[in-house]
Amino acid sequence: FGSVPGACKTGEGEGTPTTRNVGEEWKMNQKGFTLIELMIVIAIIAIIAAIAIPNLIEARKGANESAAIATLRTLVTVQTLYRDGDKDGDGTPNYAVNLTDMEETNLIDSVLSSGQKQGYNIGLLGTTYEWTATAIPQSTNTGNRRFFVDESGVIRFSKGNEPNETSGPIGT
């Protein structure tokens, strides 16, 4: 065969190499990934994370806002039950004045009566014939909108200011 670089001479009929090119032997025994290959994989993962993480945060905010709206709907129903069932037992059809009154009559659970649920602070103020409830995000990471409801049952929202009876209703 001569001395061609990379050529191998074989033994007598055995078919096994007797001499090898040192570079080829190193390549055959190489295991694992090169630094460049690892860096490319890390870069791809970083790009995917940069795309996915903001979407996940916005999805979570949307879920928190939906939970806040559902909580306010629950409070509308509970206030009606409290008033119509005279849950305080005073003979007057009045509303609950706070969340604790609702928990004491087993109309809501301790999670809701704590005033915090899924990234929102829930507040309730009531008198004999009127009440209001708000759901305010605990931070800008938990929600973008603030919500308000009163005895009318219309849930309203605001994106920056404190929501009230003049804020726009949800769905608009």
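Structure's up top.
Since this is a predicted model, take the numbers as computed values, not measurements.

Colleague: How should I be thinking about the pattern of salt bridges in this particular structure?
Modeller: Here the idea is simple: oppositely charged side chains can pair when their charged atoms come close. Going through the model one piece at a time under the given rule, you end up with four salt bridges. Where glutamate 58 meets lysine 61, a salt bridge forms, and the shortest distance between an N and an O atom there is 3.5 Å. In this pair, glutamate 58 and lysine 61 both sit in helix H2 (residues 35-84), three residues apart, roughly one turn of the helix. Using a relative accessible area of 43% as the deciding quantity, one classes glutamate 58 as partly exposed. Judged by relative accessible area, which is 10%, lysine 61 ranks as buried. In this structure, the salt-bridge partner of glutamate 162 is arginine 146, at a minimum N-O distance of 3.2 Å. One end of the pair, glutamate 162, is in the loop between strand E5 (156-158) and strand E6 (168-169); the other, arginine 146, is in strand E4 (residues 146-150), with 16 residues separating them in the sequence. For glutamate 162, a relative accessible area of 49% puts it in the partly exposed group.

Colleague: I keep staring at the sheet that holds strand E1 (residues 116-117) and nothing clicks. Help me out?
Modeller: Paired through backbone hydrogen bonds, the strands of a sheet run either parallel or antiparallel to each other. Sheet architecture is open: six strands sit in the order E1-E2-E3-E4-E5-E6, paired in antiparallel fashion. In this open sheet, the two strands that pair with only one neighbour each are E1 and E6. Summarising the sheet, E1 and strand E2 (residues 120-126) pair through two bridges and their orientation is antiparallel. From the neighbouring strand, glutamine 116 faces E2, where its bridge partner is asparagine 121. Relative to strand E3 (residues 131-137), H2 is tilted by about 165°, and along the sheet it contacts E1, E2, E3 and E4.

Colleague: Explain the pairing of E2 to me, please; I cannot follow it from the model alone.
Modeller: Every regular strand shows the same layout, with side chains that alternate between the two sheet faces. Side chains of E2 alternate between two faces, with Tyr120, Ile122, Leu124 and Gly126 buried and Asn121, Gly123 and Leu125 left unburied. Hairpin connection from E1 to E2: two residues lie between these consecutive antiparallel strands, with glutamine 118 at a positive phi of about 45°. Sheet topology places E2 next to E3; seven bridges connect them, and they run antiparallel. If you follow asparagine 121 over to E3, its bridge partner there is isoleucine 136. Hairpin connection between E2 and E3: a loop of four residues separates the two successive antiparallel strands.

Colleague: Any chance you could explain the packing of aromatic side chains here in plain terms?
Modeller: Aromatic rings considered in pairs are described by the distance between their centres and by the relative angle of their planes. By the definition in use, this model includes two aromatic pairs. Both rings, one in tyrosine 120 and one in phenylalanine 147, keep their centres 6.1 Å apart while their planes meet at 40°; by these two values the pair is tilted. One end of the pair, tyrosine 120, is in strand E2; the other, phenylalanine 147, is in strand E4, with 27 residues separating them in the sequence. Relative accessible area serves as the criterion here: at 0%, phenylalanine 147 is assigned to the buried category. Positioned over the ring face of phenylalanine 157 is arginine 145, at 5.1 Å from the centre of the ring.

Thresholds, definitions, all that
- Residues numbered from 1 in each chain as written.
- Predicted model: local features only at pLDDT ≥ 70, side-chain atom pairs only at ≥ 80, totals over all residues.
- Heavy atoms only, no water.
- Salt bridge = Lys/Arg side-chain N within 4 Å of Asp/Glu carboxyl O.
- Helix = DSSP H or I, 4+ residues; strand = E, 2+ residues; numbered from the N terminus.
- Buried < 20%, exposed > 50% of the residue type's maximum accessible area, 1.4 Å probe, protein only.
- Pairing = 2+ DSSP bridges.
- Contact = heavy atoms within 4.5 Å.
- Axes fitted to C-alpha atoms, helices over the stretch in contact; angles between N-to-C directions.
- Phe/Tyr/Trp six-rings, centres within 6.5 Å; stacked < 30°, edge-to-face > 60°.
- Lys NZ or Arg CZ within 6 Å of the ring centre and 35° of its normal.

Honestly, that's just the spatial picture; any functional story needs more than this.
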